[in-house]
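Here is what each chain is made of, one letter per residue.
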Amino acid sequence: MAAEASRSRWSPLTLLAILLAAAVMLAPLIWTLLLSLKENEALIGNSGAALSPPYTLENYRSILQGNQVFRWLVNSIIVSGGTTIGVLALCSLAGFGFARLDFPFRRTLFIFVLLGLAIPEQAVILPQHQLFADLRLHNSYPGLILPGLAGPFGVFFMTQYMRAIPKELDEAAMLDGASRFTLFWKVLLPLTMPAQATLGVFTFLASWNAYWWPLISATRSDMYTLTVGLAAAQMNYAQTSGLGFLMAQAVFASIPIFIVYVLFQKQIVRAMAGTAVR
């Protein structure tokens, strides 16, 4: 009875704390959305005008009428999608090798891969830039995608997930005459779909929000990703159409991220819960 009384006494306070935390996190998003729905002239010298109507979709209409933001959006989709597909393919194969195959120096090589987690991107930026310059890959989609394919976290994540799958499945498949690739493709890969979805979403988000390498590799405005393009527009605020237009660009850029998370929310929760149980 005492425990139930304690829970009933603290439950409203916990709920209130959650609501307050949610309000604090949502406030900047709501403010950005309101600014994006106001005419730019109304926000000059008084951004508080966003709190009162009238509102308009003119800023979003301007984005869709040939502005470079649409080009940057396409670039981000291509780069993030290509990076995600490449990471899923490479990390799944590497995870299968480390988790299910026995080969010389497997443990040493796995530790070597994990050391990549300790190396910051900035530490290798100079040789990486020189390499891509020699290969003439700057201002190209391969030049923006290839560096993101090095994913030590993805290798670790898929290795741990595949290690948790019972090895009796391997023995049963091998007895039925399955090859190593058949074992990977038809037996193990379908069982790792929740982990694939989770890794795919994390990779997509990281690639979508990447700024450092696209800033260095893409020097032409037509090859900018959204993060670089919007940052350039904000730094040149005097040449832009106004605060409302900048906020509309930010909202427009966040829509694909929201869609990806909504589509794969169940898989993410399932994968994280499965990892915790294991």
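This structure is a prediction, so every number in the text was calculated from the model and none was measured.

### A few points about the packing of helix α10 (residues 180–191) against helix α11 (residues 193–209)
In contact at an axis separation of 5 Å, α10 and α11 are set at 65 degrees when each is read in the N-to-C sense. Looking at the two axes, α10 sits roughly perpendicular to α11. Here Leu189, Pro190 and Leu191 of α10 come into contact with α11, specifically with Met193, Pro194 and Gln196. In terms of residue class, the contact of α10 with α11 is built from five nonpolar, one polar and no charged.

### Some points on the pattern of salt bridges
Any two side chains of opposite charge can pair, on the condition that their charged atoms come close. One pass over the structure, following the stated rule, counts three salt bridges. We note a salt bridge from Arg61 to Glu58, for which the minimum N-O separation is 2.5 Å. Within this pair, Arg61 and its partner Glu58 are both found in helix α3 (residues 58–64), separated by three residues, close to a single helical turn. Between Asp170 and Arg100 there is a salt bridge, and its shortest N-O distance comes to 2.7 Å. Pair noted here: Asp170 is in helix α9 (residues 168–175) and Arg100 is in helix α4 (residues 68–100), with a separation of 70 residues, a long-range link. For the residue pair Asp170 and Arg100, the accessibility class agrees, reading buried in each case.

### What to know about the UniProt feature "transmembrane region" (unreviewed entry) in the chain
Here, UniProt's "transmembrane region" (unreviewed entry) annotation points to residues 12–34, 72–96, 108–129, 141–162, 183–205 and 243–264. Across residues 12–34, the secondary structure splits into 100% helix and 0% strand, with the terminal C-alpha atoms separated by 31 Å. The span residues 243–264 is 95% helical and 0% strand by assignment, and the distance between its end C-alpha atoms comes to 33 Å.

### Points about helix α14 (residues 243–263)
Between its first and last C-alpha atoms α14 spans 31 Å; for 21 residues at 1.5 Å apiece the expected length is 30 Å, and the two agree. Along its length, α14 shows its largest kink, about 25 degrees, at Ile255, and proline Pro256 lies within four residues downstream of that point. Along α14, the residues classified as buried are Gly244, Phe245, Leu246, Met247, Ala248, Gln249, Val251, Phe252, Ala253, Pro256, Ile257 and Val260.

Criteria and cut-off values
The numbering scheme is per chain: residues are counted from 1 as the chain's sequence reads. Local features in this predicted model are restricted to residues of pLDDT 70 or higher, and side-chain atom pairs are both shown and tallied only at a pLDDT of 80 or more, whereas totals for entire chains, interfaces and linings draw on every residue. With hydrogens and water set aside, each side-chain value is computed from the structure's full complement of heavy atoms. Axis geometry follows a simple rule: fit a line to the C-alpha atoms, using only the stretch in contact for helices, then measure angles between N-to-C directions, giving values from 0 to 180 degrees. Numbering of helices and strands runs from the N terminus; a helix is a DSSP stretch of H or I covering at least four residues, while a strand is a stretch of E covering at least two. Orientation labels follow simple angle bins: below 35 degrees gives roughly parallel, above 145 gives roughly antiparallel, 65 to 115 gives roughly perpendicular, and whatever is left gives oblique. What makes two residues a contact is simply this: any of their non-hydrogen atoms within 4.5 Å. Note that Gly is not counted as nonpolar here; it falls among the polar residues with everything else outside the nonpolar set of Ala, Val, Leu, Ile, Met, Phe, Trp, Tyr, Cys and Pro and the charged set of Asp, Glu, Lys and Arg. What counts as a salt bridge is simple: a side-chain nitrogen of Lys or Arg found within 4 Å of a carboxyl oxygen of Asp or Glu. Buried means the residue's accessible area, taken with a 1.4 Å probe over protein chains only, is under 20% of the maximum for its type, while exposed means over 50%, and partly exposed covers the values in between. UniProt positions are given in the numbering used here, feature names are shortened, and annotations may be inferred rather than shown by experiment. One less than the residue count of a helix, multiplied by 1.5 Å, gives the span that helix is expected to have. To get the bend at a given residue, fit one axis to the seven residues ending there, fit another to the seven starting there, and take the angle between those axes.

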